[in-house]
Amino acid sequence: MSFSDWDEIRTAYQVARMGTVSGAAEVLGVHHATVIRHIDSLESRLGAKLFQRHARGYTPTEAGQDLLAVGGRADDQFTQLASRIKGRGNEVTGELLITSLNVIAPLVVPALGEFQEAHPELQIQFLTDMRLYRLEYGEAHVAIRAGKPGDNQDNIVQPYCTLSTVLCATKDYLDRFGPLTEDNITQHRFIGTAMENPRAPFLRWLSDVVPEECIRFRCNDTDSMRQAVMAGMGVGFVSSLDLQTDDNLVEMLPPLEEWSVKLWLVTHMDLHRTAKVQTVLRFLKEKVSDWPVDPA
């Protein structure tokens with residue numbers, strides 16, 4: 001095998017991933033005949049069948065499964081390499097990927113708009129998702145993360161700010177069910193999480209303190225929980241930003257220190273010193289002092 005075989009290996013990897021020749025051809029942007037030719041050539045060179053052909057598509061053999069695993073790692077590594085190369089210039093241009101919590105999007109998005117005005121050649125992607133984007137594979141240049149920053153030794157972690165979380169309900173809910181006290185918790189209905197082992201301290205508090213039968217509505221993400229609270233469906237946690245901007249929300253209990261969420265700026269060591277990443281980090285650190293949060 002030589003470097004000239006990589007096109008065929010990449011083709012076989014996509015066939016194994018997609019399960020069909022047409023699917024692989026679409027991903028690769030080639031004719032399906034090219035995909036078949038690559039597979040036949042690679043199998044001939046390796047002296048082994050990589051796929052079982054059937055009416056529904058191509059199923060990897062044991063050798064094909066090995067190729068799928070190796071091809072996946074190679075694909076990740078090439079993606080990582082491309083991201084590093086893109087970020088090595090001295091100019092603040094090209095693509096900038098930032099991943100963040102949905103809850104602070106109302107603060108971060110306008111700030112990034114201001115940043116883009118100052119650097120008009122930037123193409124910014126702002127990514128909010130439950131999963132952690134893999135900085136080591138170039139999935140993001142900068143991550144704004146909550147809770148424990150993780151133990152990846154290749155990541156550079158900097159404290160950013162602390163976001164307060166408050167237990168709230170709507171004014172209509174308060175009129176219907178009355179105030180909440182530590183003694184009448186069972187007389188109220190709550191918005192909880194569908195996650196079995198929530199990481200957020202305020203969600204763990206809710207699971208520990210509120211009886212299960214009082215949690216009348218459950219969600220698997222905090223944004224849906226916030227929407228349920230704002231819809232008057234029960235008592236639940238929202239950010240202090242929501243409380244400050246929505247006149248219909250009422251704080252139901254004094255906040256506990258354990259409900260606060262620490263946020264971190266996380267970058268990968270390979271991209272941390274690039275001009276693009278350093279410039280946006282400085283900008284984000286400057287902007288946080290203007291936000292209704294506690295800067296680090």
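Look up a bit, the structure's there.
Residues numbered from 1 in each chain as written. Predicted model: local features only at pLDDT ≥ 70, side-chain atom pairs only at ≥ 80, totals over all residues. Heavy atoms only, no water.

Chemist: Sorry if this is basic, but what is going on with the packing of aromatic side chains here?
Modeler: Centre-to-centre distance and the angle between the planes together describe a pair of aromatic rings. Scanning the model with the defined rule gives 8 aromatic pairs in all. Ring centres of Trp205 and Trp259 lie 5.0 Å apart, and the angle between their planes is 75°; this geometry places the pair in the edge-to-face category. Of the two residues, Trp205 is situated in helix α7 (residues 201-209) and Trp259 in the loop between β11 (249-251) and β12 (261-268); the sequence distance between them amounts to 54 residues. Note on Trp205: relative accessible area 12%, which makes it buried. (Phe/Tyr/Trp six-rings, centres within 6.5 Å; stacked < 30°, edge-to-face > 60°. Helix = DSSP H or I, 4+ residues; strand = E, 2+ residues; numbered from the N terminus. Buried < 20%, exposed > 50% of the residue type's maximum accessible area, 1.4 Å probe, protein only.)

Chemist: Where do I start with the pairing of strand β9 (residues 215-219) in this structure?
Modeler: Remark: a regular strand shows side chains that alternate across the two faces of the sheet. Sheet topology note: the strand β8 (residues 190-193)/β9 ladder contains 4 bridges and is parallel. When the bridges of β9 are listed, Phe190 appears paired with Ile215. On the question of chirality, the crossover connecting β8 to the parallel β9 by way of α7 is right-handed. (Pairing = 2+ DSSP bridges. Right-handed = clockwise from strand over helix to strand, strands pointing away.)

Chemist: Would you mind going over the pattern of salt bridges with me for this structure?
Modeler: Charged atoms that come close allow side chains of opposite charge to pair. Under the definition given, this model contains 9 salt bridges. Between Glu8 and Arg45 there is a salt bridge; the shortest N-O distance is 2.7 Å. In this pair, Glu8 sits in helix α1 (residues 6-18) while Arg45 sits in helix α3 (residues 32-46), placing the two residues 37 residues apart along the sequence. Notably, a salt bridge pairs Asp40 with Arg53, separated by 3.3 Å at the nearest N-O pair. On the criterion of sequence distance, the pair formed by Asp40 in helix α3 and Arg53 in strand β1 (residues 51-54) is long-range, its members being 13 residues apart. (Salt bridge = Lys/Arg side-chain N within 4 Å of Asp/Glu carboxyl O.)

Chemist: Explain the sheet that holds strand β10 (residues 236-239) to me, please; I cannot follow it from the model alone.
Modeler: Within a sheet, adjacent strands bond to each other through the backbone by hydrogen bonds, running parallel or antiparallel. Strand order in the open sheet formed by 3 strands is β10-β7-β11, and the pairing between neighbours is antiparallel. In this open sheet, the two strands that pair with only one neighbour each are β10 and β11. Pairwise comparison of adjacent strand axes, ignoring direction, gives a mean angle of 60° for this sheet. Examined bridge by bridge, strand β7 (residues 165-170) and β10 share 4 bridges and lie antiparallel to one another. From the neighbouring strand, Leu167 faces β10, where its bridge partner is Phe237. (Axes fitted to C-alpha atoms, helices over the stretch in contact; angles between N-to-C directions.)

Chemist: How should I be thinking about the state of the cysteines in this particular structure?
Modeler: Should the sulfur atoms of two cysteines be covalently bonded, the bond is a disulfide. One pass over the full model with this rule turns up 0 disulfides. With no disulfide partner, Cys168 has as its closest neighbouring cysteine sulfur the one in Cys219, 15 Å distant. (Disulfide = S-S within 2.5 Å.)

Chemist: Help me understand helix α2 (residues 21-28), please; the structure alone is not making it clear to me.
Modeler: Along an α-helix, a turn takes 3.6 residues, which lines up residues three or four apart on a common side. What α2 keeps buried is the set Val21, Gly23, Ala24, Ala25 and Leu28. Tucked inside the fold, the buried residues of α2 contact α1, α3 and β2 (57-60). One or two residues past the end of α2 sits Gly29, with phi positive at roughly 70°. (Contact = heavy atoms within 4.5 Å.)

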